Amino acid sequence: MSRSFSRRALFGGAGLLAAGTVTACSDSSGRDGVTAAAAIVKFNGPHQAGIVTAQQDRLHFAAFNVVSKDRTELEELLRTWTAMARRMTRGQTAVDEDISEVGQHSVPQDTGEAYDLEPANLTLTIGFGPSLFDERFGFASARPAELEDLPKFAGDQLIGKLCGGDIAIQACSDNPQVAVHAIRNLARAGRGVVEYKWSQLGFGHASTTTREQQTPRNLFGFKDGTNNIKAEDTDLADEHIWVSGTNSWLDGGTFLITRRIRMLLENWDRQVLSDQEETFGRVKSSGAPLGRENEFDELPLDEYVGTSGPVIPLTAHARLASHQENGGARMLRRAYNFTDGIDDFGHMDAGLFFIAIVNSPAERFIPIQKKLAKSDKMNEYVRYESSAIFACPPGLADDNDWWGRGLFEATA
Ligand code: HEM
């Protein structure tokens, strides 16, 4: 039996490199140059994959609560999860199991729906929520000062069961089935120790995190991600994304914030084009700032049209969120579109699952979200339905390292 069982090697696909032969050679986007054909993103590294990694097309995000009170059980699960994640991101089955050798009276340990699939750039990223730092596991003294539930912002209509969570895992892949398989198998291995709090599927990545990617569109039809931090901007990433100099388990990590934002598409779809463009301060077709030709032109924040006011309206989303109007604060956006069926009124339950990643929520997220909550013209067409925040530990040093090691060592 193959000890590092490769899914496609057995099921007749092109076959991936066996785990031991995956060569570390990633560019700044985190994509692995050597294994690009098999679309493998390197799992180990100074930062977790799935943050500045070129944003994949699909998301399965899950938040869990820990139901066990036993610190050792939690540690064992995190070690198991890391090993499984390492395997799955390399295109292997979740556990070391060859289905052709599983007895007819045994339960297969991998659920099987990704047997014949490439990992399609699968990344798995873990984060720990504020509630994990209560008295249960002895982590209270190691809670990062900024890891606090987000304040309730003006207009928030939060649905409690979709908020918070002790642990989050973000699975991103260019193949939705691969992302779902990963979360499903991790959740299955966690039974008795963790249980799902909520989860969200996303499609059509509504942001870009590298310059190579073409800016996609959100469900309002606007290009989204133009002025995002890109993986190539390593200085900006160091300044705004990665936690450093705290001498804590979080150095090299970051904070990940999620907001499920329902779009009132039936209202939006009735608005004339000029109103839609004024909402964002950008041209719908090209993505250019109003008053400019090209998508990547600077926002003309100080220009006026005769006496009729600023070219970019004072309530335009792009103006209010811009670093120029927020003391230089920036965030990394990794949002996804979602549609979750139809509500009781026959309206689409659809929108943007917004993900922001920053090294200081207090400096780079909360003030901007407050400002948007108060004045964003977009508020006429959206409803904020969930909020969560997680501290994501740094990346894994080598194949013996595991998710949460630093936190456990800091509180041993
Ligand atoms: C349904 C919700 C949202 C939609 C449809 C949306 C859409 C957009 C669009 C179309 C742009 C302009 C293009 C670009 O630079 O990417 C933009 C920019 C931006 N948005 Fe949002 N956004 C949403 C929510 C949020 C939230 C909740 C935040 C933060 C709290 C945020 C922060 C930003 C930032 C920082 C920029 C870049 C501004 C700049 O520097 O030019 N967005 N958004």
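Residues numbered from 1 in each chain as written. Predicted model: local features only at pLDDT ≥ 70, side-chain atom pairs only at ≥ 80, totals over all residues. Heavy atoms only, no water.

- An unreviewed UniProt entry lists the chain under the name Deferrochelatase, with Corynebacterium phoceense given as the organism.
- The record in UniProt for the chain states the following under Subcellular location (unreviewed entry): "Cell envelope".
- UniProt's Sequence similarities (unreviewed entry) comment on the chain is quoted here verbatim: "Belongs to the DyP-type peroxidase family." (UniProt positions renumbered as here; feature names shortened; annotations may be inferred.)

Notes on the coordination of the iron atom of the ligand
Tetrahedral coordination by four donors sets the ideal angle at the metal to 109.5 degrees; octahedral coordination by six donors sets it to 90 or 180 degrees.
For step 1, the next point in the chain: There is one protein donor for the iron atom of the ligand, namely His317 (NE2), at 2.1 Å.
For step 2, the next point in the chain: Along the chain, His317 turns up in helix α7 (residues 317-321). (Donors = N, O, S within 2.8 Å, 3.2 Å for Na, K, Ca; no water. Helix = DSSP H or I, 4+ residues; strand = E, 2+ residues; numbered from the N terminus.)

Some thoughts on the side chain of Lys377
For step 1, the next point in the chain: Within the element layout of this structure, Lys377 appears in the loop between α9 (366-375) and β9 (382-384).
For step 2, the next point in the chain: Once residues within four sequence positions are removed from consideration, Lys377 is found in contact with Asp275, Glu278, Thr279 and Thr315. (Contact = heavy atoms within 4.5 Å.)

Some details on the UniProt feature "domain: Dyp-type peroxidase C-terminal" (unreviewed entry) in the chain
For step 1, the next point in the chain: The UniProt feature table records "domain: Dyp-type peroxidase C-terminal" (unreviewed entry) at residues 215-395.
For step 2, the next point in the chain: Strand forms 21% of residues 215-395 and helix 21%; the C-alpha atoms that close the span are 27 Å apart.

With respect to helix α2 (residues 71-89)
For step 1, the next point in the chain: Taking 1.5 Å of rise per residue, the 19 residues of α2 would be expected to cover 27 Å, and the 27 Å separating its terminal C-alpha atoms lies within 8% of that figure.
For step 2, the next point in the chain: Taken from the residues just after α2, Gly91 is the one with a positive phi, measuring 90 degrees. (Expected span 1.5 Å × (residues − 1).)

Thoughts on unusual backbone geometry
For step 1, the next point in the chain: Its identity is not glycine, yet Ala120 carries a phi of approximately 50 degrees, on the positive side.
For step 2, the next point in the chain: Mapped onto the fold, Ala120 is located in the loop between α2 and β2 (123-128).
For step 3, the next point in the chain: One non-glycine residue, Asn121, lies in positive phi territory at about 65 degrees.
For step 4, the next point in the chain: Along the chain, the position of Asn121 falls in the loop between α2 and β2.

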